[in-house]
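Residues per chain, in single letters:
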Amino acid sequence: MDVNFRIFRFDPQVDKEPGYRNYTVSAEPWDRILDCLNKIRWEQDGTLGYRMSCAHGVCGSDGMRINGKCALACQKLVKDYPGGEIVVEPLPHFKVLKDLIVDVDGFLSTIKVLHPHLVDPESPPEQERLQSPDDRRKIDDVIRCILCACCTASCPVLAENPKYIGPAALVWAYRFIHDSRDGRYTERLKQINDHDGVWPCVNYFECTRVCPKGIPVTKSINQLKREIQKAFPERSE
Ligand code: SF4
Ligand code: FES
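Reading guide: rules and limits
- Residues numbered from 1 in each chain as written.
- Chains lettered and ligands numbered in written order.
- Predicted model: local features only at pLDDT ≥ 70, side-chain atom pairs only at ≥ 80, totals over all residues.
- Heavy atoms only, no water.
- Phe/Tyr/Trp six-rings, centres within 6.5 Å; stacked < 30°, edge-to-face > 60°.
- Helix = DSSP H or I, 4+ residues; strand = E, 2+ residues; numbered from the N terminus.
- Buried < 20%, exposed > 50% of the residue type's maximum accessible area, 1.4 Å probe, protein only.
- Lys NZ or Arg CZ within 6 Å of the ring centre and 35° of its normal.
- Polar contact = N/O pair within 3.5 Å; in protein donor to acceptor, adjacent residues only side chain to side chain.
- Expected span 1.5 Å × (residues − 1).
- Pairing = 2+ DSSP bridges.
- Axes fitted to C-alpha atoms, helices over the stretch in contact; angles between N-to-C directions.
- Contact = heavy atoms within 4.5 Å.
- Core = buried A, V, L, I, M, F, W, Y, C linked by side-chain atoms within 4.5 Å.
- Parallel < 35°, antiparallel > 145°, perpendicular 65-115°, else oblique.
- Near = heavy atom within 4 Å.
- Nonpolar A, V, L, I, M, F, W, Y, C, P; charged D, E, K, R; others polar.

## Some remarks on the packing of aromatic side chains
At step 1: Tallied over the full model, the rule gives three aromatic pairs.
At step 2: Judged by centre distance (6.4 Å) and plane angle (35°), the ring pair of Trp172 and Phe176 falls under tilted. Taken together, the residues span about one helical turn, with Trp172 and Phe176 both in helix H6 (residues 166-177) at a distance of four residues.
At step 3: You can call Phe176 buried: its relative accessible area is 4%.
At step 4: Against the face of Tyr50 rests Arg41, its NZ or CZ located 4.1 Å from the ring centre.

Set out below in structure tokens:
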């Protein structure tokens, strides 16, 4: 069948204004949106810019907005978008580098500030750092994050407060705060106990709805708030 795509196009090196270009692709209902973008680039318009790598929901590089919802193009199928036209746009709140490619440097730097690695003030053990299956289960959900940025791009709070660190950063904070091998529980809680840290979240749940890995993002943020209130009853923002 023929599927109509309306795709956001903008090359800041060449274009004065962003715009949309239409393409018709011959596709099956179970073809992925990424397959259709590949067909467009390979067969119709080699100038179309987008990121992809694994094509199997692992690398997180092809997050984009499809018919108004952020998603991975490699996880969504043509049949997920009945209704004649599929509109593809870059992730909102991010600077467009070209077409569907956005600048994720700021997004990654925010996470880097949270020390997204194990920090243990004790001297290293002679062998590996052991973790019990029960302790591992505490981070089972959040450890699935692939940094696709769909949650942060979808967050309505960020539209109003660009300084908010956003749901993805809080998922990474949660991941290390609850890792039994990490030694910075209190410092990590302190770091996100800020008016641009955990507190701007007001439970829109959009992050949870769009997360392609099924991470309970909002629930994790609420859990962090409760732990901060417990750890610093007088000092929570
Ligand atoms: Fe993507 Fe989910 Fe991680 Fe957000 S929490 S960056 S939506 S995988
Ligand atoms: Fe890697 Fe989609 S291309 S997650």
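## Let's talk about the environment of Asp140
At step 1: Here Asp140 is to be found in the loop between helix H3 (133-137) and helix H4 (150-154).
At step 2: Since its relative accessible area comes to 31%, Asp140 is described here as partly exposed.
At step 3: Spatially, the C-alpha atom of Asp140 lies 35 Å from that of Lys98, the residues being 42 residues apart in sequence.
At step 4: In terms of polar contacts, Asp140 uses its side chain to reach the side chain of Arg136, at 2.2 Å.

## As for helix H9 (residues 217-231)
At step 1: Given a rise of 1.5 Å per residue, 15 residues ought to cover 21 Å, and the 21 Å separating the end C-alpha atoms of H9 matches this to within 8%.
At step 2: Three or more residues of H9 are buried, namely Val217, Thr218, Ser220, Ile221, Asn222, Leu224, Lys225, Glu227 and Ile228.

## A look at the sheet that holds strand E3 (residues 63-66)
At step 1: Strand order across the open sheet formed by five strands is E2-E1-E5-E3-E4, with mixed pairing between neighbours. The open sheet is flanked by strand E2 (19-26) and strand E4 (69-72), the only strands paired with a single partner. This sheet shows a mean twist of 35° between the axes of neighbouring strands, independent of strand direction.
At step 2: Sheet contacts for helix H1 (residues 33-44): strand E1 (2-9), E2, E3 and strand E5 (85-89); angle to E2, the most-contacted strand, approximately 100°.

## A look at the nonpolar core
At step 1: Membership of the largest hydrophobic core comes to 71 residues, with the highest contact counts inside it found for Phe5, Ile7 and Ile192.
At step 2: Broken down by element, the residue count for this core peaks at nine residues, all from H6.
At step 3: Other than its neighbours up to four places away in sequence, Phe5 contacts Arg21, Asn22, Tyr23, Val25, Ile33, Cys36, Ile40, Ile86 and Val88.

## Things to note about the packing of helix H7 (residues 185-192) against H9
At step 1: At a closest axis distance of 10 Å, the pairing of H7 and H9 adopts a crossing angle of 110°. By the criterion of interaxial angle, the relationship of H7 to H9 is roughly perpendicular. Of the residues in H9, those in contact with Tyr185, Leu189 and Ile192 of H7 are Leu224, Glu227, Ile228 and Ala231.

## Section: the site of ligand 1
At step 1: Every residue lining ligand 1 is accounted for by Cys145, Ile146, Leu147, Cys148, Ala149, Cys151, Ala168, Cys211, Pro212, Lys213 and Ile215.
At step 2: The class makeup of the residues in the shell around ligand 1 is 10 nonpolar, no polar and one charged.

## A look at unusual backbone geometry
At step 1: The backbone of His115 sits at a positive phi, close to 55°, despite the residue not being glycine.
At step 2: Mapping His115 onto the fold places it in the loop between helix H2 (105-113) and H3.
At step 3: One non-glycine residue, Leu147, lies in positive phi territory at about 55°.
At step 4: Here Leu147 falls in the partly exposed class, since its relative accessible area comes to 30%.

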